[in-house]
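Each chain, letter by letter, is given below.
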Amino acid sequence: MTTLTVNGKRHEVDADIRTSLLDALREHLALTGTKKGCDHGQCGACTVLVNGRRINSCLTLAVMHENDEITTIEGLGQPENLHPMQESFLHEDGYQCGYCTPGQIVSAVGMLGEFKDGWASHASGDLEGKLDLSDAEISERMSGNICRCSAYPNIVNAIRKASE
Ligand code: FES
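Heads up: these notes are all about the structure in this document. Model, not experiment: these values are computed from the prediction. (Residues numbered from 1 in each chain as written. Predicted model: local features only at pLDDT ≥ 70, side-chain atom pairs only at ≥ 80, totals over all residues.)

Some thoughts on the sheet that holds strand β3 (residues 47–50)
The five strands lie next to each other as β2-β1-β5-β3-β4, forming an open sheet whose pairing is mixed. The sheet is open, and its two borders are formed by β2 (9–13) and β4 (53–56), each paired with just one other strand. Averaged over neighbouring strand pairs, the angle between their axes works out to 40° when direction is ignored. Pairing of β3 with β4, which is carried by four bridges, proceeds in the antiparallel orientation. (Pairing = 2+ DSSP bridges. Helix = DSSP H or I, 4+ residues; strand = E, 2+ residues; numbered from the N terminus. Axes fitted to C-alpha atoms, helices over the stretch in contact; angles between N-to-C directions.)

A short note on the pairing of strand β1 (residues 2–6)
Where burial is concerned, the two faces of β1 differ: the one with T2, L4 and V6 is buried and the one with T3 and T5 is not. The pairing of β1 with β2 spans five bridges and is antiparallel. Bridging from a neighbouring strand, T3 pairs with E12 of β2. Between β1 and β2, which follow one another and run antiparallel, lie two residues, and N7 among them has a positive phi close to 55°. Summarising the sheet, β1 and strand β5 (residues 69–71) pair through two bridges and their orientation is parallel. (Buried ≥ 20, exposed ≤ 12 C-beta atoms within 10 Å, placed from the backbone.)

A short note on the nonpolar core
Membership of the largest hydrophobic core comes to 38 residues, with the highest contact counts inside it found for A24, L25, I105, V106, A108, V109 and I159. When contributions to this core are tallied by element, the ones reaching two or more residues are β1, α1 (21–28), β3, α2 (73–76), α3 (84–91), α4 (101–113) and α6 (152–163). A per-element tally of this core places α4 first, with six residues. Both domains that meet at this core, namely domain 1 (2–75) and domain 2 (77–163), each give it at least three residues. Contacts of L25, omitting those with residues within four sequence positions, involve V6, L31, T34, S57 and T72. (Core = buried A, V, L, I, M, F, W, Y, C linked by C-beta atoms within 7 Å. Domains from an automatic or database assignment. Contact = placed C-beta atoms within 7 Å.)

Geometry only, nothing functional implied.
As structure tokens, this is what we get:
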């Protein structure tokens, strides 16, 4: 049995010791907002926050995270109370088919958290202050998240607007 703390709740997960964090989230906890694209660390669709830092959940075992705080897209906001990054993706049309969107948003929150700790907390999305990131810098820092529809200009706009 593996104990995971996800979006502030503790769960007992009866999973094989070889289960990836991604599969534990999707198949054992029904948190299907986190997507499986490549399952090989190449697309970023499976991005979650572990103690506020973004990781590819397909590349790590669930059992390695018993003492960590895991945040998925479901923990960032609710339909009636979206996280500012979710709002920004919505307003800027930062998606096309939407499959990569949860990973893009979680990764963007984690990326801004690398500058401002408040961003990594699912309670906040603290917008105090402005980050002066260029579009090229945002693209570089988001390069682990692939969008096969190529919605990159709007994704970058959404992240820049959220950071302002
Ligand atoms: Fe994990 Fe693609 S599913 S990086």
